[in-house]
Amino acid sequence: MKHIHISLIGSQVYPAYLGIADLKPDGCILVHSSTTKKEALLLQAQIGIPTTLMALDPVNVLQVYEQVQSLRSHIDEEDHYSINLTGGTKVWSIAFYEYFRFLPNVRLVYVDQNNQIYDLCTQSTHLSDVRIDINMVFRLNGVKSPQSVPFTAYDEQDQACIARIRQLREFSYDGFRALSCPNDQQKAQLTRKEGDLSVGPNQVQWNQERHTLRVRLSNKRGVEQKATFHAPHIHALFFNYGWFEYSVAHLLSQWPRSQEILMNVRFPYADRQNPKNEIDIIVNTGNKLLFVECKTQISDITDIDKFRTAVKNYGGMGSKALFVTLDKMKDTAAEKCKDSGIMAFSIKDCQYTAPDQMLFLMLEQELFSINKK
């Protein structure tokens, strides 16, 4: 007796993949339309079992019913079948439900965004024990493997630099910003393995091979401070708010649901060298991905739209999005995040409560809510 799985393929591939990975069939039929054949082929390439593709009109009711009825007539009573109704069009789901629900050797299932598998015949449910794989999600969404840095690559030396970097920022905000956030003309210097950057009386020198960085800052009163750092990732931490992104990642690493954290995730163009998009942090919680954007403040509200689009493109509908700011988030930005289905969190709001407690409480409340389309 064989187990044959039939999956209706829509624009979101992961629920179809999860149904197959959870039920472990011997073979598979992927039902697709002309517009979702690409998704069916992506799934076929990942599941590693004998697979047949079946084209179906997405909306022609009579044609859909004829083809589904024909498929039913070929059902072998000796085999066991499961049908994932999650994807595809409503017409497909209705037709497959009508024609197959009373067959004793057929199981109809639905997969929600929280990886719950519902048996529509027995009205039972179970949480899939299939652990999400970040790169698998990318492959199913047709995304090339991105470049990234695992959070575990950072060590105690890196962590020890953060407090001093924050002190320098507080000592001379303007001077620190001028050095750590260079303009477009100065950015080319940062690609050098060894170099220095001077802005007025302020200077930063670095040597990436030796993992060293020296800073000289003057504040508005003319008082000077110097600091020398030695850490494997000091270059990434000091420039372009890397210290804040690391601080957020370190905070998230203490969340019990964090199983894997990637930083500086850069998605390339298909035919260009420059990064198409960059996600500051991606957290694997075991059954869904959390995408995190970090900024000291949201100055351009279109950044929220770009982030929302990136999360959907790379992570799919089931992934969650979190925007973290160091300073208190502006009301317009907070409202925009809410309207976009993005969790918003400000470190500045945690004056009387530890940031980890407030952040983890929010994540637990929102992680398993269903995203709007």
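Above this text you will find the structure in question.
The shown structure was predicted, so the numbers you read here are calculated from the model rather than taken from an experiment.

Caption draft 1: Summary view of the nonpolar core. Core analysis: the biggest nonpolar cluster contains 49 residues, and Leu 252 and Leu 322 have the highest contact counts within it. Take this core: its biggest share by element is 7 residues, from helix 10 (residues 242–253). With residues near it in sequence (within four places) discarded, Leu 322 still touches Leu 290, Phe 291, Val 292, Glu 293, Phe 307, Ile 342, Met 343, Phe 345, Leu 359, Met 362 and Leu 363. Within the second largest apolar cluster, 43 residues are counted, among which are Leu 18, Val 143, Val 265 and Phe 323.

Caption draft 2: Local environment of helix 1 (residues 14–23). Along helix 1, 8 of the 10 residues are buried, which leaves the element largely enclosed by surrounding structure. Within helix 1, burial applies to Tyr 14, Ala 16, Tyr 17, Leu 18, Gly 19, Ile 20, Asp 22 and Leu 23. Just downstream of helix 1 lies Lys 24, where phi reads positive at about 55°.

Caption draft 3: Seen up close, empty space enclosed by the protein. If you walk through the whole model with that rule in mind, you get 1 cavity of 30 Å³ or more. Looking at the largest cavity, its volume works out to about 40 Å³. Arg 169, Tyr 173, Phe 176, Arg 177, Ser 180, Cys 181 and Tyr 241 are the residues that line the largest cavity. Take the lining of the largest cavity: its biggest share by element is 4 residues, from helix 7 (residues 173–180).

Caption draft 4: Fine view of the environment of Asn 219. Among the secondary structure elements, Asn 219 is positioned in the loop between strand 11 (212–218) and strand 12 (224–230). Linking Asn 219 and Ser 172, residues 47 residues apart in sequence, is a C-alpha distance of 4.8 Å. Not counting residues up to four positions away in its chain, the partners in contact with Asn 219 are Phe 171 and Ser 172.

Caption draft 5: Inspection of unusual backbone geometry at higher detail. Phi at Gln 123 takes a positive value of approximately 60°, unusual for a residue other than glycine. Mapped onto the secondary structure, Gln 123 falls in the loop between strand 6 (116–119) and strand 7 (124–127).

Caption draft 6: A look at the layout of surface pockets. The space that makes up the largest pocket amounts to roughly 1,500 Å³. For the largest pocket, the lining is made up of 41 residues, of which Asn 240, Glu 245, Asn 264, Arg 266 and Glu 278 are closest to its centre. Within the residue set of the lining of the largest pocket, elements represented by two or more residues are strand 8 (147–150), helix 8 (184–190), helix 9 (234–238), helix 10, strand 13 (260–268), strand 14 (275–284), strand 15 (289–295) and helix 11 (302–315). When the residues that make up the lining of the largest pocket are grouped by side-chain class, the tally is 16 nonpolar, 14 polar and 11 charged. Taken as a whole, the second largest pocket holds about 730 Å³ of empty space. Lining the second largest pocket are 33 residues, and of these Gln 12, Pro 15, Thr 86, Met 317 and Lys 373 sit closest to its centre. For the lining of the second largest pocket, the elements supplying multiple residues, two or more each, are helix 1, helix 4 (90–100), strand 5 (106–111) and helix 5 (134–140). Per-element tally for the lining of the second largest pocket: the top contributor is helix 1, with 3 residues. Its residues assigned to classes, the lining of the second largest pocket shows 12 nonpolar, 17 polar and 4 charged.

Caption draft 7: View of the state of the cysteines. Under the definition given, this model contains 0 disulfides. Considering cysteine sulfurs only, Cys 121 is the nearest to Cys 28, which forms no disulfide, with 17 Å between them. Here Cys 28 falls in the buried class, since its relative accessible area comes to 3%.

Caption draft 8: Examining the pairing of strand 9 (residues 194–199) more closely. Across 6 bridges, the pairing between strand 9 and strand 10 (residues 202–207) is antiparallel. Bridge pairing in strand 10 places Glu 194 opposite Asn 207. Between strand 9 and strand 10, which pair antiparallel one after the other, the connecting turn spans 2 residues, and Gly 200 there sits at a positive phi close to 60°.

Caption draft 9: Expanded view of the pairing of strand 5. As defined by bridge partners, strand 4 (residues 80–84) adjoins strand 5 across 4 bridges and the pair is classed as parallel. Across the sheet, Asn 84 pairs through a bridge with Val 109, a residue of strand 5. Sheet topology note: the strand 5/strand 6 ladder contains 3 bridges and is antiparallel. Across the sheet, the residue bridging to Val 109 is Asp 119, located in strand 6. Count of turn residues in the strand 5/strand 6 antiparallel hairpin: 4 residues, of which Asn 115 carries a positive phi of about 65°.

Criteria and cut-off values
Residues numbered from 1 in each chain as written. Predicted model: local features only at pLDDT ≥ 70, side-chain atom pairs only at ≥ 80, totals over all residues. Heavy atoms only, no water. Core = buried A, V, L, I, M, F, W, Y, C linked by side-chain atoms within 4.5 Å. Buried < 20%, exposed > 50% of the residue type's maximum accessible area, 1.4 Å probe, protein only. Helix = DSSP H or I, 4+ residues; strand = E, 2+ residues; numbered from the N terminus. Contact = heavy atoms within 4.5 Å. 1 Å grid on protein atoms, 1.4 Å probe; cavity = no way out; pocket = protein on both sides within 12 Å on 5 of 7 lines; lining within 4 Å. Points joined across faces, edges and corners; volume = space filled by probe spheres on them. Nonpolar A, V, L, I, M, F, W, Y, C, P; charged D, E, K, R; others polar. Disulfide = S-S within 2.5 Å. Pairing = 2+ DSSP bridges.

Any link to function would need more than the numbers given here.
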